[in-house]
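Tertiary structure, described
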Amino acid sequence: MIDFGYQGLGGNFISVGASYDYAGLGSTHYCPADVNILSNIPGMQVVLPGTAQEFETLFKQGYANGKPTYFRISEEENTVPQDITFGKANVIKQGGMATIIAVGPMLEKVMGAVSDLDVTVLYYTSVVPFDHETLINNLAGGRIIVVEPYYPGAVANAWMGSPKQVDTYIYNIGVPKKFLVTYGTRQEMDRSLGLSVEGIREKILGFIGCPLIDSTCVTAVATVISPLCPASFICR
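The paragraphs below set out a description of the structure included in this document. (Residues numbered from 1 in each chain as written. Predicted model: local features only at pLDDT ≥ 70, side-chain atom pairs only at ≥ 80, totals over all residues. Heavy atoms only, no water.)

Before going further, it helps to examine helix α8 (residues 197–207). Residues of α8 that are buried: Gly199, Ile200, Arg201, Ile204 and Leu205. If you follow the buried residues of α8, they end up packed against β5 (99–103), α4 (107–114), β8 (143–147) and β9 (169–173). Taken from the residues just after α8, glycine 209 is the one with a positive phi, measuring 90°. (Buried < 20%, exposed > 50% of the residue type's maximum accessible area, 1.4 Å probe, protein only. Helix = DSSP H or I, 4+ residues; strand = E, 2+ residues; numbered from the N terminus. Contact = heavy atoms within 4.5 Å.)

Written out as structure tokens, the structure reads:
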């Protein structure tokens with residue numbers, strides 16, 4: 001792929017297995033570092049469809065664009081495909097507390113985690129090219145939360161290259177940057193890494209100032225923690 005980038009050649013590279021789709025086979029079959037590595041090759045495009053139908057759409061739109069393009073396919077899929085365009089983000093939900101970026105197959109889990117929260121959700125199927133315009137036009141609460149299915153950082157790096165600088169806090173939720181030495185089912189890996197619906201929700205609530213607590217919740221407590229958080233948001 002480096003040769004394609006160096007020589008400015010077009011080509012399509014399709015991977016399977018994602019970060020830990022082959023969770024039962026252990027760490028020799030994991031690859032959570034691919035997106036960050038490949039997105040740093042000049043000219044390389046990095047695409048993460050959330051369903052098989054989205055892959056077909058994105059491949060047909062981008063396969064002949066003259067650029068080296070990496071399509072990352074995962075066994076984990078969103079149930080409902082979105083009406084997507086190559087290189088463009090979709091606005092899924094609008095709210096005022098924060099903007100959450102769900103990358104590829106993370107959308108369904110993100111929506112399960114924030115369905116009752118006053119947040120904006122944007123759906124990205126490409127890290128490169130990155131749709132700065134949609135994010136700039138849908139910033140909420142001065143906070144960006146990125147939920148990505150690999151070692152975090154690729155989206156934050158893309159955002160830092162925005163042509164329009166905007167003051168924001170950014171929080172990354174992804175595969176922890178460490179060697180993954182455990183194995184099991186994909187669902188077991190998700191839970192252990194904090195990437196289940198419950199784990200993602202807990203991280204999001206903690207960042208926007210609505211921590212989960214194990215005691216009886218009352219409105220007064222919620223007001224002290226954050227005036228933006230109804231009492232129900234801080235109860236398990």
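There is more to say after this.
What follows is about the packing of aromatic side chains. Taken as a whole and judged by the stated rule, the model has 8 aromatic pairs. The interplanar angle of 15° and the centroid separation of 4.8 Å between the aromatic rings of tyrosine 171 and phenylalanine 207 together place this pair among those described as stacked. Taken together, the residues span a long stretch of sequence, with tyrosine 171 in strand β9 and phenylalanine 207 in helix α8 at a distance of 36 residues. Under the relative-accessibility criterion, phenylalanine 207 is labelled partly exposed at 24%. (Phe/Tyr/Trp six-rings, centres within 6.5 Å; stacked < 30°, edge-to-face > 60°.)

Note on sheets: strands pair through backbone hydrogen bonds, and any given pair is parallel or antiparallel. Strand order in this open sheet of 4 strands is β1-β3-β2-β7, and the pairing throughout is mixed. Of all strands in the sheet, those with a lone pairing partner are β1 (11–15) and β7 (126–128), marking the two edges. Averaged over all pairs of adjacent strands, the angle between their axes in this sheet comes to 15°, without regard to strand direction. Bridge analysis of strand β2 (residues 45–47) against strand β3 (residues 68–72) gives 3 bridges, and the strand direction is parallel. In the sheet register, glutamine 45 faces β3, and the bridge partner there is threonine 69. Set on the sheet, helix α3 (residues 52–62) makes contact with β1, β2 and β3; between it and β1 the angle comes to about 165°. (Pairing = 2+ DSSP bridges. Axes fitted to C-alpha atoms, helices over the stretch in contact; angles between N-to-C directions.)

A contiguous nonpolar surface patch, about 290 Å² in accessible area, is contributed by Val16, Tyr22 and Leu25. Along the chain, tyrosine 22 turns up in the loop between β1 and α2 (34–38). On the accessibility criterion, tyrosine 22 (31% relative accessible area) is partly exposed. (Patch = residues over 30% accessible without salt bridge, like charges linked within 9 Å, V, L, I, M, F, W, Y side chains within 5 Å. Areas by Shrake-Rupley, 256 points an atom, 1.4 Å probe, with all protein chains shown as cover. Salt bridge = Lys/Arg side-chain N within 4 Å of Asp/Glu carboxyl O.)

Turning our attention to the pattern of salt bridges. As enumerated under the stated definition, the model contains 7 salt bridges in all. With its nearest N and O atoms 2.8 Å apart, the salt bridge here joins aspartate 34 to arginine 72. You can see aspartate 34 sitting in helix α2 and its partner arginine 72 sitting in strand β3, a full 38 residues away along the chain. In this structure aspartate 34 comes out as buried when scored by relative accessible area, which is 8%. Taking relative accessible area as the criterion, arginine 72 reaches 3% and is therefore assigned buried. Put simply, arginine 201 and aspartate 116 hold a salt bridge, and the shortest N to O gap is 2.9 Å. Here arginine 201, found in helix α8, pairs with aspartate 116, found in the loop between α4 and β6 (120–124); they are 85 residues apart in sequence, far enough to count as distant.

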